[in-house]
Amino acid sequence: MNLKQKTEKALIWSFVDKFGQQIIYFVSGIILANLLMPGDYGKIGVLTIFIVLSNILIDSGFSSALIRKKGATDRDYSTIFFFNLIISLVFYLILYFSAIFIANYFHIPDLVSISRVLFLSIIFNSLGLIQQTRMFKEIRFTEYARINIVALTISSAFAIWLASNGGGVWALVVQTVGLSILKTLLLWCYGRWFPKLIFSIASIKEFLSYSANLLGTGVLNAVFNNIYPLIIAKSFSTATVGFYTQAQKLQDIPSALIANIFRSVAFPVLSSINDDKPRLLRVFGKYIRTTAFFIFPIMMLLIVVANPLIISLITEKWSASVPMLQILSLAGMFSPFIILYYDLFNTEGRSDINLKLEIAKKIFLVLSIAVVLVLSNSIINLIWVWVIYTLLSLVVTAIVASKLVGYRVVTLLKDILPYFVVALVSALVSLVTFLFFSNSWLQLIVATIIFVLSYIAIVALFKMEIWLECLSLAKRKLGITKTPES
């Protein structure tokens, strides 16, 4: 099996994994949103930053270092496993005793007990990190997809049961902790690796120079990607945090789906060909175009149907989330490209560039947030700041990539603009729906159908590259055409 076939298989199973997870999150999220209140989501939203930050600090960038290293040994894997476990226990104890201070700061007494249970997921996540890393390195996405989907289905089902029986915010806690426990158990069952009683300082030192920059970048991203709930909770209300969190989750379903599908495959594949620059750039360009083909229409459609989507699925009580969802979708439209660029830099062994870029961008974000809070104190203006920040991030990152690896900004524009224009035209055509229908369900269904048909018709008419690639792949998988020889 050649690299193209391996990549196609990995992309298919990565899609099954990420799409399956997002569908489960979407369906369970709709049910839970109807059973719970915005304030329940607000409490979890406030605590999310601590879990995300802890998970990044525990991993410390070593997982990427292990994937990148050719010929990683059991000594390397076992050392990082025990490192992850020790750090996770330390962080849990710190957060356990900090719970009362967190609750007092946000004036939410319930956060003490909620956080102490929720933070247990940090320990369970650390126990499965190496098994997960080995699956990525070996491109075993079939098993990984099954593990994720089974674990998420069971934990979500239990959360729904608890919410329907008056469990309130604890349903969301159970969903998170239950997922981490089940996923780790399945990773141990099917990971085909167990740690040995080995701990090597030499292994830690070997990975440290590379992973330290990843750690710094990860910490900055974790803090600032999740800082809005903290700002909103302090400046507005827990319910407003809930509205924001719901909008963020809805836009994150497609945006994270596309980003994670390509990220999980791109890094190991690009790492395997990083000594062949022309081939690396060709493959990276294909990832960019494929991402554009999917992300632009999905996010553009989400902007069009945001109001009927929320009103129809999670009722009027969440209507305040509509403008937030529409604005956040603009940022979600471009963020997957930034993630791909970061993986390209990591492939080149230049994780330091990611860290330097993040420091500069976060200074801009902090100053912008401060200005908005002083001048307007508006939640909508805060979200617009995030959109501007995302767009500027992409521009700056593309300029740096042009100088570092030769993937020019002009090439980026040529790769993504055709799909953006087609998605925009499809969005404008689908807006006609709202002139003829007032029922939210009809608006949602008809607008979606018109948008999808318009997009497919245009890309097919102009025989756009990724459309033809998708057709070719579908025909091969259905046995209509033969698979090329390796």
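One can find the structure itself at the top, above this paragraph.
> Would you mind showing me how to read the overall build of the protein chain here?
Counting secondary structure elements, the protein chain contains 21 helices and zero strands. Looking at the protein chain as a whole, 53% of its 486 residues are labelled buried. Once local pairs closer than 6 in sequence are excluded, the contacts in the protein chain between residues at least 24 apart make up 83%.

> Looking at this model, I keep getting lost on a nonpolar patch on the surface. Mind explaining?
On the surface, Phe-15, Val-16, Phe-19, Ile-23, Val-27, Ile-31 and Leu-35 cluster together into a nonpolar patch covering about 530 Å² of accessible area. Looking at where Val-27 falls in the secondary structure, it is placed in helix H1 (residues 3-35).

> What's the story with the pattern of salt bridges in this structure? I'm lost.
If the charged atoms of two oppositely charged side chains come close together, the side chains can form a pair. If you walk through the whole model with that rule in mind, you get nine salt bridges. Of the charged contacts in the structure, one is a salt bridge between Lys-286 and Glu-469, with a shortest N-O distance of 3.3 Å. One end of the pair, Lys-286, is in helix H13 (residues 277-314); the other, Glu-469, is in helix H21 (residues 465-477), and 183 residues separate them in sequence. Look at Lys-286 and you get partly exposed, because its relative accessible area is 27%. Overlapping salt bridges, with partners in common, bring together Lys-286, Arg-289, Asp-415, Glu-465 and Glu-469 in one network.

> Please explain unusual backbone geometry as it appears in this structure.
Generally, phi is negative for residues other than glycine and the peptide bonds are trans, each holding for most cases. Although it is not a glycine, His-107 sits at a positive phi angle of roughly 55°. Assignment of secondary structure puts His-107 in the loop between helix H4 (74-106) and helix H5 (111-118). For His-107, a relative accessible area of 66% corresponds to the exposed category. Residue Lys-463 is not a glycine yet carries a positive backbone phi of 50°.

> Would you mind showing me how to read the environment of Val-396 here?
For Val-396, the position within the fold is in helix H17 (residues 379-404). As a C-alpha pair, Val-396 and Lys-361 span 35 residues in sequence and 9.1 Å in three-dimensional space.

> Any chance you could explain the packing of aromatic side chains here in plain terms?
Aromatic ring pairs are defined here through the distance separating the ring centres and the angle between the ring planes. The final tally for this structure, using the stated rule, is 25 aromatic pairs. On the numbers, 5.8 Å between centres and 85° between planes, the contact of Phe-243 with Trp-318 is edge-to-face. Of the two residues, Phe-243 is situated in helix H12 (residues 238-272) and Trp-318 in the loop between H13 and helix H14 (321-332); the sequence distance between them amounts to 75 residues. Each of the two residues, Phe-243 as well as Trp-318, counts as buried. Taken together, the aromatic side chains of Tyr-77, Phe-81, Phe-82, Trp-188, Trp-193 and Phe-194 make up a single cluster linked through ring pairs. Taking NZ or CZ as reference, Arg-116 lies 4.2 Å from the ring centre of Tyr-96, over its face. Lying across the ring of Tyr-77, Arg-134 places its NZ or CZ 4.7 Å from the centre.

> Quick question: what am I supposed to make of the nonpolar core here?
Across soluble globular proteins, nonpolar side chains have a tendency to be buried as a group. Tyr-228, Phe-296, Phe-337 and Tyr-341 are the most contacted members of the largest nonpolar core, which totals 118 residues. When residues no more than four places from it in sequence are discounted, the contact partners of Tyr-228 are Tyr-244, Leu-365, Ile-369, Leu-382, Ile-383, Val-385 and Trp-386. Ala-65, Leu-66, Phe-83 and Phe-207 belong to the second largest nonpolar core, which has eleven residues in total.

> I would appreciate a short explanation of the packing of H13 against helix H15 (residues 335-347) in the present structure.
Packed helix pairs are specified by the crossing angle of their axes together with the interaxial distance, meaning the distance between the axes. At a minimum axis separation of 10 Å, H13 and H15 run at an interaxial angle of 165°. In terms of their interaxial angle, H13 and H15 are classed as roughly antiparallel. As H13 packs across H15, the resulting crossing turns out to be right-handed. Residues Leu-280, Phe-284, Tyr-287, Ile-288, Thr-291, Ala-292, Ile-295 and Phe-296 of H13 lie in contact with H15, whose contacting residues are Pro-336, Phe-337, Leu-340, Tyr-341, Leu-344 and Thr-347. Of the residues belonging to the contact of H13 with H15, the class tally is twelve nonpolar, two polar and no charged.

> Please clarify how the environment of Ser-54 should be interpreted in this entry.
Turning to its location among the elements, Ser-54 is positioned in helix H2 (residues 38-59). Classification of Ser-54 by relative accessible area gives buried; the value is 3%. Taking the C-alpha atoms as reference points, Ser-54 and Ile-123, 69 residues apart in sequence, are found 9.7 Å from one another. The contact partners of Ser-54, leaving out residues within four places of it in the chain, are Phe-91, Leu-95 and Ile-122.

> What am I meant to see in the packing of H4 against helix H7 (residues 129-137) here?
Relative orientation of the contacting elements H4 and H7 amounts to 140°, with a least axis distance of 9 Å. The pairing of H4 with H7 is recorded here as oblique in orientation. Mapping the contact onto sequence places Tyr-77, Ile-80, Phe-81 and Asn-84 in H4 and Leu-129, Ile-130, Arg-134 and Lys-137 in H7. Among the residues forming the contact of H4 with H7, the class breakdown is five nonpolar, one polar and two charged.

> Would you mind showing me how to read the side chain of Ser-180 here?
Here Ser-180 shows up in helix H9 (residues 170-190). With a relative accessible area of 4%, Ser-180 lands in the buried category. At a separation of 2.7 Å, a polar atom in the side chain of Ser-180 contacts the main-chain carbonyl oxygen of Val-177.

Thresholds applied
Residues numbered from 1 in each chain as written. Predicted model: local features only at pLDDT ≥ 70, side-chain atom pairs only at ≥ 80, totals over all residues. Heavy atoms only, no water. Helix = DSSP H or I, 4+ residues; strand = E, 2+ residues; numbered from the N terminus. Buried < 20%, exposed > 50% of the residue type's maximum accessible area, 1.4 Å probe, protein only. Contact = heavy atoms within 4.5 Å. Patch = residues over 30% accessible without salt bridge, like charges linked within 9 Å, V, L, I, M, F, W, Y side chains within 5 Å. Areas by Shrake-Rupley, 256 points an atom, 1.4 Å probe, with all protein chains shown as cover. Salt bridge = Lys/Arg side-chain N within 4 Å of Asp/Glu carboxyl O. Phe/Tyr/Trp six-rings, centres within 6.5 Å; stacked < 30°, edge-to-face > 60°. Lys NZ or Arg CZ within 6 Å of the ring centre and 35° of its normal. Core = buried A, V, L, I, M, F, W, Y, C linked by side-chain atoms within 4.5 Å. Axes fitted to C-alpha atoms, helices over the stretch in contact; angles between N-to-C directions. Parallel < 35°, antiparallel > 145°, perpendicular 65-115°, else oblique. Left-handed = near helix turned anticlockwise from the far one by under 90°. Nonpolar A, V, L, I, M, F, W, Y, C, P; charged D, E, K, R; others polar. Polar contact = N/O pair within 3.5 Å; in protein donor to acceptor, adjacent residues only side chain to side chain.

Any link to function would need more than the numbers given here.
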